Amino acid sequence: MKHLPIVISGPSGVGKGTLVSRLLEEDDTLTKSVSCTTRRPREGEENGKNYFFITEREFRSRIEENDFLEYDEHFGSFYGTPRSFVERLLKEKSVIMEIDVVGGLNAKRLLPETLLIMIAPPSLEELKSRLAGRGSEGDEALALRLRRARYELEQSPLYDYVVVNDDLERALEELRGIIRRECERSSEQEAES
Ligand code: ADP
Ligand code: 5GP
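The model shown is predicted, which means the values in this text are computed figures rather than measured ones. Residue positions within a chain follow its written sequence, with the count starting from 1. Key to labels: chains lettered from A, ligands numbered from 1, both in the order written. Restriction of local features to residues with pLDDT of at least 70 applies here, the model being predicted, together with a cutoff of 80 or more for giving and counting side-chain atom pairs; totals for whole chains, interfaces and linings are based on all residues. To obtain the side-chain values, all non-hydrogen atoms of the structure were used and water was disregarded.

> Would you take a moment to explain the nonpolar core for this structure?
Most often, soluble globular proteins have nonpolar side chains that are buried together. Put simply, a nonpolar core is a bunch of buried Ala, Val, Leu, Ile, Met, Phe, Trp, Tyr and Cys residues held in one set by side-chain atoms that sit within 4.5 Å of each other. The classification of residues rests on relative accessible area computed with a 1.4 Å probe and restricted to protein chains. Under 20% of the type maximum is buried, over 50% is exposed, and intermediate values are partly exposed. Ranked by internal contacts, the top residues of the largest apolar core, which has 24 residues, are Ile6, Ile8, Ile117, Ile119 and Leu175. Each helix is a run of H or I in the DSSP string that is no shorter than four residues. Each strand is a run of E no shorter than two, and both are numbered from the N terminus. If you list the elements that add at least two residues to this core, you get β1 (5–9), α1 (16–26), β8 (115–120), α5 (124–134), α6 (139–154) and α7 (168–192). Counting residues per element, this core draws most heavily on α7, at six residues. In this view, Ile119 contacts Ile8, Ser9, Gly10, Pro11, Val14, Lys16, Leu19, Leu153, Val163, Asn165 and Leu175; residues no more than four positions away in its chain are not counted. In what follows, residue pairs with any heavy atoms lying within 4.5 Å of each other are defined as contacts.

Okay, structure coming up:
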């Protein structure tokens, strides 16, 4: 089966992390890219697992070295996808990148076979309650994330698929189906060419 780069985007708190960790648990043809960020780790986050937590100075020097497939700034911190890391992983598996919309569109420009999947909340109210329930942000950071959420969701038409994370198990089933079909389709296309 062909390995695809897969971007999973969606507003902070929509359930991307939850969905992606379930996908990875069940499917050993999938792996996940680990982004670099200059933001501080949240409680329970591990370096090299959730993110590579690096300094702004190191981030800037890696930009200079063209070491990011894409990068962006959110909420005052930098976030970027390490290029060589993703290319290495793609030799073995399909690689999920959990990144924002601007990053996803930039990644697709460099790797055109990239599958773009947007995770949407059932409503903005539900998103707010999930974000508040996670308890990882203060009021200001929460308000910023909600404002950004509207922008992210408006970009949905530029994506290949939109999956509404209403019921977790239903959304997972839809995601699995999309990924399976797209990997099969790419394998067939490759065999024909
Ligand atoms: P993201 O990675 O997109 O920021 P998370 O995976 O951290 O979001 O999820 C945010 C919160 O919403 C978590 O507390 C998570 O348990 C919860 N959550 C995720 N999916 C659902 C769902 N389908 N229904 C209800 N709560 C959910
Ligand atoms: P958080 O701080 O909640 O983990 O992430 C904040 C935002 O940064 C989310 O919208 C997330 O998708 C985005 N993000 C995480 N990693 C990357 C990355 O490597 N590149 C880009 N462009 N955005 C990222």
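> Help me understand the packing of α1 against α7 in this model?
For any two helices packed against each other, the geometry comes down to the angle between their axes and how far apart the axes lie. Helix axes are fitted to C-alpha atoms over the stretch in contact, other axes to C-alpha atoms as well, and angles between N-to-C directions run from 0 to 180 degrees. One way to put it is that α1 packs onto α7 with a least axis distance of 10 Å and a crossing angle of 60°. In terms of orientation, α1 and α7 fall into the oblique class. Viewed along their axes, α1 and α7 form a crossing whose handedness is right-handed. The segment α1 lies against α7, with Thr18, Leu19, Arg22, Leu23 and Glu26 engaging Leu168, Glu169, Ala171, Leu172, Leu175, Arg176 and Ile179. For classification, angles of less than 35 degrees are called roughly parallel, those exceeding 145 degrees roughly antiparallel, those between 65 and 115 degrees roughly perpendicular, and all remaining angles oblique. For a crossing to be left-handed, the near helix must be turned anticlockwise from the far one by less than a right angle; the clockwise case is right-handed.

> Could you clarify how one ought to interpret the side chain of Ser12 in this entry?
Tracing the backbone shows Ser12 in the loop between β1 and α1. Residues adjacent in sequence count toward polar contacts only when both atoms are side-chain atoms; beyond that, a polar contact is any pair of N or O atoms within 3.5 Å, and within protein one must be able to donate a hydrogen and the other to accept it. In terms of polar contacts, Ser12 uses its side chain to reach the side chain of Arg134, at 3.5 Å. For Ser12, the side chain forms a polar contact with the side chain of Arg145, separated by 3.2 Å. Leaving out residues up to four positions away in the same chain, Ser12 has contacts with Leu127, Leu131, Arg134 and Arg145.

> I'm lost on the sheet that holds strand β6 (residues 77–82) in this one. Help?
Strand pairing within a sheet occurs via backbone hydrogen bonds; the two strands may be parallel or antiparallel. At least two bridges found by DSSP between two strands are what make those strands a pair. Read across the open sheet, the four strands follow the order β4-β3-β6-β5; overall the sheet is mixed. The sheet is open, and its two borders are formed by β4 (52–53) and β5 (68–74), each paired with just one other strand. Note that strand β3 (residues 36–37) and β4 share two bridges and pair parallel. Considered in β4, the bridge of Cys36 is made with Phe52. Contacting β3, β5 and β6, helix α2 (residues 56–64) crosses the sheet at an angle of about 45° to β6.

> Any chance you could explain the site of ligand 2 here in plain terms?
Proximity criterion: a residue is near a molecule or strand once any of its heavy atoms comes within 4 Å of it. Around ligand 2 sit 17 residues, and of these Ser35, Tyr51, Glu70, Tyr79 and Asp100 come closest. Interatomic distance of 2.8 Å between a side-chain N/O atom of Arg39 and an oxygen atom of ligand 2. Gly80 is positioned with one of its backbone polar atoms (N or O) 3.3 Å from an oxygen atom of ligand 2. Among the elements of the structure, β5 and β6 are those that each provide at least two residues to the shell around ligand 2. Put simply, Ala, Val, Leu, Ile, Met, Phe, Trp, Tyr, Cys and Pro go in the nonpolar bin, Asp, Glu, Lys and Arg in the charged bin, and everything else, Gly too, in the polar bin. Residues belonging to the shell around ligand 2 are distributed by class as follows: four nonpolar, six polar and seven charged.

Geometric descriptors of this kind do not, in isolation, establish any biological role.
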